[in-house]
Amino acid sequence: MSFPITRLRRLRQSKLMRDMVRETEVNRDDLIMPYFVCPGSGVKNPIASMPGNFQWSIDLLVDEVKDLIQSAGIHKILLFGIPEEKDETGDVACEHDAIVCRAIRAIKKEVSDVLIVADVCNCEYTTHGHCGTIIDGDVDNDLTLVTLAGQAMALAAAGADVIAPSDMMDGRVAAIRKALDDGGFIKTPIMAYSAKYASSFYGPFRDAAESAPQFGDRSTYQMDSGNSDEALREVEQDIAEGADLVMVKPALSYLDIIQRVKSTFNIPVVAYNVSGEFSMVKAAGANGWIDEKRMITEILTSIKRAGADVIITYHAKEFGVNI
Ligand code: PBG
């Protein structure tokens, strides 16, 4: 009987041994925690489909961000807004005192060691819930670039550290870069949602942000889930237009895309572990069907192992508290 010379189990025999040779480990520094900010004061409105997540009024969000830093050691957040009023084009979000602009100012006034990423899109701000201006039943690309640039400017002026367009219009990175540069914000980076797929995994987010399209869907502007080469074209285009970081979204069903993007381009890659991915874990956890804590670590590790340098995840706070 012959025995194997190479025994891969040797390095798996103890925790210390495994810890020593682990290739990929998620750190607090890798993570960004998303928040939804709403009007009013004293509001902490639970989002039913996303357990542990809330619509926060600005006053309570400021305290929550302090707690995120203190209890979880997470210093990066992504903000979405639920405005007092919506309009046809999303112009409400281009105002100096738009809801997310006010939130950024309030947080920056009281918290110094936080990095704020501001999502730029019109779907939370339009009455019809689409990501841009509707002409003849479809989102008009070039008219939408105007509101996107306006919204980006308002957010940068309020103190956003990173501008993150999630609309999937063609040419938006260039339009936003030009507006920021002309406005004196040459140092504000753009994190482009470059390969953003038309996905059923965004369902819970649309409850949270009250941004579901009132007719049709987003498949004329977000990517088709069968496509992979096209993701590289999107990323290439965004880099050419001046993106500083590129994103793949969702993450789990698109790990192959993350890996292709990472191996093709030498630019930081962000992955968005989206609301539906989060809620599936929470639902299974609540039923006792899975070991939730271990699953969260495994999921985040897989996203990083695929090639993500940064992960946006609703698990960020609990992960930071638990590790
Ligand atoms: C806005 C936007 C969406 C998400 C992030 N930015 C929703 C959408 O495109 O419909 C989804 C995030 C999530 O599901 O967690 N366009």
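Residues numbered from 1 in each chain as written. Predicted model: local features only at pLDDT ≥ 70, side-chain atom pairs only at ≥ 80, totals over all residues.

**Here's the deal with the UniProt feature "binding site: Mg(2+)" (unreviewed entry) in the chain**
Heads up, the rule is: UniProt positions are given in the numbering used here, feature names are shortened, and annotations may be inferred rather than shown by experiment. Segments assigned H or I by DSSP are reported as helices when at least four residues long, segments assigned E as strands when at least two residues long, and all are numbered from the N terminus. Throughout, a pair of residues is in contact if the C-beta atoms placed from their backbones lie within 7 Å.
Mapped onto the present numbering, the UniProt feature "binding site: Mg(2+)" (unreviewed entry) falls at E234. Relative to the helices and strands, E234 resides in helix 7 (residues 229-240). Contacts of E234, omitting those with residues within four sequence positions, involve S194 and A195.

**Structural notes on the packing of helix 2 (residues 58-72) against helix 3 (residues 99-110)**
Put simply, the test is: Here an angle of 0 to 180 degrees is reported between the N-to-C directions of two axes, which are lines fitted to C-alpha atoms, with helices fitted over the stretch in contact. To sort the angles, those under 35 degrees are grouped as roughly parallel, those over 145 as roughly antiparallel, those from 65 to 115 as roughly perpendicular, and the leftovers as oblique. By definition, any crossing whose near helix is turned counterclockwise from its far helix by less than a right angle is left-handed, and any crossing with a clockwise turn is right-handed. For this scheme, ten residues count as nonpolar: Ala, Val, Leu, Ile, Met, Phe, Trp, Tyr, Cys and Pro. Four count as charged, namely Asp, Glu, Lys and Arg, and the remainder, Gly too, count as polar.
Viewed as axis vectors pointing N to C, helix 2 and helix 3 meet at an angle of 45°, and their least axial separation amounts to 9 Å. Accordingly, the angle class assigned to the pair helix 2 and helix 3 is oblique. The handedness of the crossing between helix 2 and helix 3 comes out as right-handed. Contact residues: helix 2 offers I58, L61, V62 and V65, while helix 3 offers R102, A103, A106, I107 and E110. Per-class residue counts for the contact of helix 2 with helix 3 are seven nonpolar, no polar and two charged.

**Quick word on the UniProt feature "binding site: 5-aminolevulinate 2" (unreviewed entry) in the chain**
The UniProt feature table records "binding site: 5-aminolevulinate 2" (unreviewed entry) at S275 and Y314. These residues run over 40 residues, yet every pair of their C-alpha atoms falls within 7.3 Å of each other. Locating S275 in the fold gives a position in helix 9 (residues 275-286). In contact with S275, not counting residues within four places along its chain, are M50, F201, Y202, G203, P204, F205, A208 and Y314. Here Y314 is to be found in the loop between strand 12 (310-313) and helix 11 (316-322). Apart from residues no more than four positions distant in its own chain, Y314 is found in contact with P34, M50, N53, S275 and F278.

**Looking at the pairing of strand 1 (residues 31-38)**
Note the threshold: Put plainly, a residue is buried at 20 or more neighbouring C-beta atoms within 10 Å of its own, exposed at 12 or fewer, and partly exposed in between, counting only other residues' C-beta atoms, which are placed from the backbone. Pairing between two strands requires that DSSP report at least two bridges joining them.
Burial of strand 1 is extensive: eight of the eight residues sit out of reach of the surface. Here strand 1 shows two buried faces, one formed by L31, M33, Y35 and V37 and the other by I32, P34, F36 and C38. One ladder, built from five bridges, connects strand 1 with strand 4 (residues 76-81); its direction is parallel. By the bridge assignment, M33 is partnered in strand 4 with I77.

**Quick look at the packing of helix 3 against helix 4 (residues 141-158)**
Running from N to C, helix 3 and helix 4 point in directions that differ by 15°, and their axes come no closer than 8 Å. The angle between helix 3 and helix 4 falls in the class roughly parallel. The chirality of how helix 3 crosses helix 4 is right-handed. Each of V100, C101, I104 and R105 in helix 3 lies in contact with helix 4, whose residues at this interface are A154, L155 and A158. Residues that form the contact of helix 3 with helix 4 fall into these classes: six nonpolar, no polar and one charged.

**Side note on unusual backbone geometry**
Along the chain, K249 connects to P250 via a cis peptide bond; the corresponding omega equals -10°. Along the chain, the position of P250 falls in the loop between strand 10 (245-249) and helix 8 (255-264). Unusually for a residue other than glycine, D136 sits at a positive phi of about 50°. Along the chain, the position of D136 falls in the loop between strand 6 (134-135) and strand 7 (138-139). Judged by the 5 C-beta atoms lying within 10 Å of it, D136 is exposed. Unlike most non-glycine residues, M168 shows phi in positive territory, near 70°. With respect to the helices and strands, M168 occurs in the loop between strand 8 (162-165) and helix 5 (172-182).

**So, the nonpolar core**
As a reminder of what qualifies: Under the definition applied here, buried Ala, Val, Leu, Ile, Met, Phe, Trp, Tyr and Cys residues are grouped into a nonpolar core through C-beta atoms within 7 Å.
In this structure, V37, L155 and I163 are the most contacted members of the largest nonpolar core, which totals 101 residues. Among the elements that make up this core, the one with the highest residue count is helix 4 (nine residues).

**Examining helix 7**
Here is the rule we go by: By this rule the span expected of a helix is its residue count minus one, scaled by 1.5 Å. Working definition: the arc comes from the directions between the helix axis and the C-beta atoms, pointing outward to the latter.
Helix length check: helix 7, at 12 residues, gives a terminal C-alpha distance of 17 Å against a target of 16 Å (1.5 Å per residue), a fit within 8%. Residues of helix 7 that are buried: A231, E234, V235 and D238. One side of helix 7 carries all its buried residues, which in axial view fall inside an arc of 95°. Turned more than 90 degrees away from the buried face of helix 7 sit D229, R233 and A240, all of them exposed. Buried residues along helix 7 sit against helix 5, strand 9 (191-196), strand 10 and helix 8.

**Side note on helix 8**
Turning to helix 8, its buried residues are I257, I258, R260 and V261. Buried residues of helix 8, viewed axially, fall in a sector of 165°; they line one side. Within helix 8, the exposed residues directed more than 90 degrees away from the buried face are D256 and S263. Buried-residue contacts for helix 8 involve strand 9, helix 7, strand 10, strand 11 (269-273) and helix 10 (292-306).

**Considerations on the site of the ligand**
We apply this condition: We call a residue near a molecule or strand if the C-beta atom, set from the backbone, is within 6 Å of it.
Taken together, D119, C121, C123, C131, S166, Y202, F205, R206, R218, V274 and S275 form the complete shell of residues around the ligand. Classifying every residue of the shell around the ligand gives six nonpolar, two polar and three charged.

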